[in-house]
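Structure assessment
Given next are the chains, with one letter for each unit.
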Amino acid sequence: MIRRTDRAGESVTDDKSAMLSLQKVLGEMTEAAELYDTLDDGRLLCYACGHECKIAQDKTGVCRVRFNTDGKLMAPSGYVGALACDPIEKKPFYHAFPGRDALSFGMLGCDLHCGYCQNWVTSQALRDPAAVSSAQPITPRQLADLALRHNAPVIATTYNEPLITSEWAVKVLKTAQADGLIGAYISNGNATECVLDYIRPYVQLYKVDLKSFSDREYRALGGQLPNVLRTIKQLHEKGFWLEIVTLIVPGLNDSDAELEQMAAFLADISPDIPWHLTAFHSDYKMADTDHTSVDRLTSACEIGSAAGLRYVYAGNRPGMTGHWEHTRCPNCNKTLIERRGFVVTDNHLNKGHCPGCNTPIPGFWSSDCVIPQQNMGTPMWLTRQP
Ligand code: SF4
């Protein structure tokens, strides 16, 4: 058996040779990173994500895409591992440009290793030989042009964890912002305050996966619960438009007690944070786990609503969860936006307000209306025409 040593210093077998080739290609599609400091002992402290790796010469961080070469931290740049124009409801954002598209791009790699990952082909490309992906060279200008050509008001970094490639994301989103596009992060929320400040000028929409309320479960996935909770609070404080997703995995995070803890945590930050509860479908290393039942999904929504959250949604079961797919007025209960899966079938909002009782509904609704923030601070205007 042939053995080699990869950049992280691990012994590897022939089974990983394809992955090593990919790692070699990606090693060349990099630029000097910005999100790091040099420590007294010469190691580099990366703070692009909550792991805050201390990386020695010729080693990679946990994500395997950022590495120390000659005392410089290198980070991915200039390619996409996946690219599509998706309905924004698929990200999911339900309070931003309903019925419109988000030009969605991703790179390769992740800082976690969730066994039920629904994007594992891109996120685990450098960890799992079965995850076969390729990197296609592209420029920020080309990505912004694609969004404009497809009439997508939002450009989203997604499919893998965008925090670990934030320098590239900022390059793309800065170019897109100059064209009036809105930047979005679809993330696991394992951030640092430094990276949030770094991306803030170019990112308006941020989705976090709140995967569990158990630190033990988070550690099994390669993360830590306190990091994610801290990120959620900081995103809210810094004025990002924040939506939260919890994939309900039977036996993992679907107890009433755990769902109640998550709902109480979110409602305490702001009752206006939309919470998406989505159904698990068997995938990746959890192919034997049952799908989430419709009953569990709708009862989980009721838990969120009982905790005081005004906008709770059921996902991944189109047409099966009744009003939980729709946006309703928290004051008069009128249905405002009707959906079936990723399709908006009707939108009754009147410049961001309920047409029945004129209650303002927080979100990014159009190019010319007041946008109430979740923290109800200074109202912002979205002045650019997407
Ligand atoms: S992005 Fe995160 S996992 Fe990757 S090197 Fe930096 S701190 Fe480590």
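Residues numbered from 1 in each chain as written. Predicted model: local features only at pLDDT ≥ 70, side-chain atom pairs only at ≥ 80, totals over all residues. Heavy atoms only, no water.

1. With respect to the side chain of R296
By secondary structure assignment, the location of R296 is in helix 9 (residues 294–306). Within the local environment of R296, its side chain forms a polar contact with the backbone oxygen of D254, the two atoms lying 2.6 Å apart. Sequence-distant contacts of R296, defined by excluding residues within four places in its chain, comprise I248, D254, S255, D256, L259 and I303. (Helix = DSSP H or I, 4+ residues; strand = E, 2+ residues; numbered from the N terminus. Polar contact = N/O pair within 3.5 Å; in protein donor to acceptor, adjacent residues only side chain to side chain. Contact = heavy atoms within 4.5 Å.)

2. Structural notes on the site of the ligand
Every residue lining the ligand is accounted for by C46, A48, C49, H51, E52, C53, I55, G61, V62, C63, R66 and I164. Taken together, the residues of the shell around the ligand sort by class into eight nonpolar, two polar and two charged. (Near = heavy atom within 4 Å. Nonpolar A, V, L, I, M, F, W, Y, C, P; charged D, E, K, R; others polar.)

3. Points about the sheet that holds strand 21 (residues 343–347)
Strand order in the open sheet made by the three strands is 19-20-21, with antiparallel pairing throughout. Single-partner strands in this sheet number two, and they are strand 19 (327–328) and strand 21. As paired strands, strand 20 (residues 335–340) and strand 21 are joined by four bridges and run antiparallel to one another. Bridging from a neighbouring strand, E338 pairs with D346 of strand 21. (Pairing = 2+ DSSP bridges.)

4. Structural notes on the sheet that holds strand 8 (residues 72–76)
In spatial order, the strands read 3-8-7; together these three strands make up an open sheet with antiparallel pairing. The strands lining the two open edges of the sheet, one partner per strand, are strand 3 (30–32) and strand 7 (67–69). Averaged over all neighbouring strand pairs, the angle between strand axes comes to 45 degrees, with direction disregarded. Direction of pairing for strand 3 relative to strand 8: antiparallel, over a ladder of three bridges. Bridged to T30 within strand 8 is P76. (Axes fitted to C-alpha atoms, helices over the stretch in contact; angles between N-to-C directions.)

5. Some remarks on the pattern of salt bridges
Taken as a whole, this structure holds 14 salt bridges when the rule is applied. With a shortest N-O distance of 2.5 Å, D179 and R141 are connected by a salt bridge. Here D179, found in the loop between helix 4 (166–178) and strand 14 (182–187), pairs with R141, found in helix 3 (residues 140–149); they are 38 residues apart in sequence, far enough to count as distant. Under the relative-accessibility criterion, D179 is labelled partly exposed at 27%. A relative accessible area of 36% means that R141 is categorised as partly exposed. Notably, a salt bridge pairs D209 with K211, separated by 4.0 Å at the nearest N-O pair. Residue D209 is classed as buried on the basis of its relative accessible area of 19%. (Salt bridge = Lys/Arg side-chain N within 4 Å of Asp/Glu carboxyl O. Buried < 20%, exposed > 50% of the residue type's maximum accessible area, 1.4 Å probe, protein only.)

6. Observations regarding the packing of aromatic side chains
Applying the stated criterion across every chain yields a total of five aromatic pairs. On the numbers, 5.7 Å between centres and 85 degrees between planes, the contact of Y206 with F240 is edge-to-face. In this pair, Y206 is assigned in strand 15 (residues 205–209) and F240 in the loop between helix 7 (225–237) and strand 16 (241–248), connecting sequence segments 34 residues apart. The exposure classification of Y206 matches that of F240, with both residues buried. When the centroid spacing of 5.9 Å and the interplanar angle of 55 degrees are considered together, the rings of F213 and F265 count as tilted. One end of the pair, F213, is in the loop between strand 15 and helix 6 (215–221); the other, F265, is in helix 8 (residues 256–269), and 52 residues separate them in sequence. (Phe/Tyr/Trp six-rings, centres within 6.5 Å; stacked < 30°, edge-to-face > 60°.)

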